[in-house]
Amino acid sequence: MTRDNAIERARAKIDDGSFAEVLARRVAYPTESQNPERAGALEAYLADELAPAFARMGFTSRIVREEGVPAPFLIAQRIEDEALPTVLGYGHGDVIRGQDADWETGLSPWRLVERDGNWYGRGTVDNKGQHTIGMEALAAVLETRGRLGFNAKFLIETGEEIGSPGLRAVARREREALAADLLVASDGPRLSAERPTLFLGARGALAMDIWIDAREGAHHSGNFGGLLSNPGIELAHALASITTPTGAIRIPEWTPGTVPDSVRRVLADIEVGDPDGPALDPWWGEPGLSPAERVFAWSSFEILAYACGKPEAPVNAIPGRAFARGQLRFPVGVDPEAILPALRRHLDAHGFTRVEIAAARDEIFPATRLDPDHPAVAFAMASLTRTCGAKPALLPNLGGGLPNDVFADILAMPTIWVPHSYPGCSQHAPDEHLPVAVAREGLGIMAGLYWDLGENPPV
């Protein structure tokens, strides 16, 4: 039995309908972590669905809980030989709210429907479909070779969509149980539906609240216009000072300062943009960088919300308060602990001492990135190229955020991510879907990668 046999066995799960059967069963669990009433579904997904699936592959598993955290975790492992290298997988069984009423006619978040070459349902890409691809590919290698050739572990959480509460604490407490030589996981989108992708980490993210409380209540604009400060105008000027009019960040501590040569090299052949997505604004962002460098190797600051007065029912009054929610996404090279102090110094230096700031959430997603020159990267790129017959896209990190710091920093292992989605998948929106062709290709990719890890591991 050969590598090609394992790949064909994995792809056949699409053709014979067995993959769709498994995915349909998993989509049917309404695992909305944002909805406290779905706590039972989170538990059932791990205990009744995933644990038996792992057991059929010779894994032992246990459910782990963290005090005060509503979302449980599953740790599974298959140890073939203590002398062999160990590969850790990760996924999350929770999904965002179903938004049932907003799906197209005939579609439902909790029922898998195939239409126009896509599988529709909540979690088909984020993330049930993606960890199912990994698990079914792993099963195909086992069925073909009778062994993996490495030790395998998995960590499945059910709170990723609410910020992964307890994940870092569990990783620290279960450090020995989760110890591995390499992370191979799947989440996020490919660069495009047509191009298989490999990424090595994620940009960090910090959400912040920025506001001015000028006074209690609103006051008549005719009687007090020109006499009372307007916090909406004042805050707008403060926010405008953070970037140039074209979005380049003016706070040096918020950017990495330079793009490493190894990162610039791997981004040289990366073209960003989706024909079905919005038209890009080439004039926006840091000047002198390519579009790929701006989203994968640099920082970006966004205003996510701005409130002043009552936009839905304006009145002739000077508001007493203005508020904005900002967000900084940043790559390796930015100290997350320095972000808010640097903003405070910047605002004060520009005369905006009345502006108040605070982190919007307790947790900061740190930035992580495996060195593109790490041996595991060349190994994975060679495996994907062999399976696909063409070079995949290599990204130094995802433009968005995911908890890669748990694996890169806390568990101290190299991290390889192979996503099985695409930018237009309607993730976090109604009509979430997984292209059948992407799933089929993903099964082959993961079977080939797992086969190669059992033959000649890079760690």
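Presented here is an overview of the structure given in this document. Keep in mind that what you see is a predicted model, and the values were worked out from it rather than measured.

## Observations concerning the packing of helix α4 (residues 128-145) against helix α13 (residues 436-455)
Each pair of packed helices can be described by the angle between their axes along with the distance between the axes.
Consideration 1: Following both chains from N to C, one finds α4 and α13 inclined at 50 degrees, their axes separated by 8 Å at the closest point. Taken together, α4 and α13 sit at an angle that is classed as oblique. Read as a crossing pair, α4 and α13 show a hand that is right-handed. Here Ile133, Gly134, Glu136, Ala137, Leu138, Val141, Thr144 and Arg145 of α4 lie close against α13, whose contacting residues are Ala439, Gly442, Leu443, Met446, Ala447, Tyr450, Trp451, Gly454 and Glu455.

## Considerations on the sheet that holds strand β19 (residues 433-435)
Consideration 1: Taken together, three strands build an open sheet; the order of strands is β4-β5-β19 and the sheet is antiparallel. The sheet terminates laterally at β4 (113-115) and β19, the two strands that pair on one side only. Each adjacent strand pair in this sheet contributes to an overall mean axis angle of 25 degrees, direction not counted.
Consideration 2: Judged from the three bridges that link them, strand β5 (residues 118-120) and β19 form a sheet pairing that is antiparallel. From the neighbouring strand, Asn118 faces β19, where its bridge partner is Pro435.
Consideration 3: Set on the sheet, α13 makes contact with β4, β5 and β19; between it and β19 the angle comes to about 65 degrees.

## Let's talk about helix α2 (residues 18-27)
Consideration 1: Within α2, the full set of buried residues consists of Phe19, Ala20, Val22, Leu23, Arg26 and Val27. Looking straight down α2, one finds its buried side chains confined to an arc of 160 degrees; they lie on one side.
Consideration 2: Tucked into the core, α2 has its buried residues touching α1 (3-15), α3 (39-56), β5, α4, β19 and α13.

## A look at the pairing of strand β10 (residues 204-213)
Consideration 1: Where burial is concerned, most of β10 is hidden: nine out of the 10 residues are buried.
Consideration 2: Sheet topology places β10 next to strand β14 (residues 321-330); 10 bridges connect them, and they run antiparallel. Among the inter-strand pairings, Ala205 is bridged to a residue of β14, identified as Arg329.
Consideration 3: Relative to strand β15 (residues 356-359), β10 runs antiparallel, the two sharing four bridges. Its bridge partner being in β15, Trp211 is matched across the sheet by Glu356.

## Some thoughts on the sheet that holds strand β12 (residues 300-308)
Consideration 1: The strand order across the open sheet built from four strands is β12-β14-β10-β15, with neighbouring strands paired in antiparallel fashion. Two strands close off the open sheet at either side, each with one partner strand: β12 and β15. Here the average twist between neighbouring strands, direction ignored, is 20 degrees.
Consideration 2: Judged from the eight bridges that link them, β12 and β14 form a sheet pairing that is antiparallel. Among the inter-strand pairings, Ala307 is bridged to a residue of β14, identified as Phe323.
Consideration 3: This element, helix α10 (residues 339-349), spans β10, β14 and β15 of the sheet and lies at about 170 degrees to β15.

## Structural notes on the packing of aromatic side chains
Consideration 1: Tallying each qualifying case throughout the model produces 11 aromatic pairs.
Consideration 2: Measuring from ring centre to ring centre gives 5.1 Å for Phe54 and Phe154, while their planes differ by 45 degrees; the resulting arrangement is tilted. With Phe54 in helix α3 and Phe154 in strand β6 (residues 151-157), the pair connects residues that are 100 residues apart, well separated along the chain. Note on accessibility: Phe54 and Phe154 belong to one class, buried.

## Some points on unusual backbone geometry
Consideration 1: Across the junction of Asp126 and Asn127, the peptide omega takes the value 5 degrees, indicating a cis bond.
Consideration 2: For Asn127, the position within the fold is in the loop between β5 and α4.
Consideration 3: Of note in the backbone geometry, Gln99 takes a positive phi value of approximately 55 degrees without being a glycine.
Consideration 4: Among the secondary structure elements, Gln99 is positioned in the loop between β3 (86-92) and β4.
Consideration 5: Its identity is not glycine, yet Ala412 carries a phi of approximately 55 degrees, on the positive side.
Consideration 6: Note on placement: Ala412 falls in the loop between α12 (405-410) and β18 (415-417).

Cut-offs used in this document
Residues numbered from 1 in each chain as written. Predicted model: local features only at pLDDT ≥ 70, side-chain atom pairs only at ≥ 80, totals over all residues. Heavy atoms only, no water. Axes fitted to C-alpha atoms, helices over the stretch in contact; angles between N-to-C directions. Helix = DSSP H or I, 4+ residues; strand = E, 2+ residues; numbered from the N terminus. Parallel < 35°, antiparallel > 145°, perpendicular 65-115°, else oblique. Left-handed = near helix turned anticlockwise from the far one by under 90°. Contact = heavy atoms within 4.5 Å. Pairing = 2+ DSSP bridges. Buried < 20%, exposed > 50% of the residue type's maximum accessible area, 1.4 Å probe, protein only. Arc of directions from axis to C-beta. Phe/Tyr/Trp six-rings, centres within 6.5 Å; stacked < 30°, edge-to-face > 60°.

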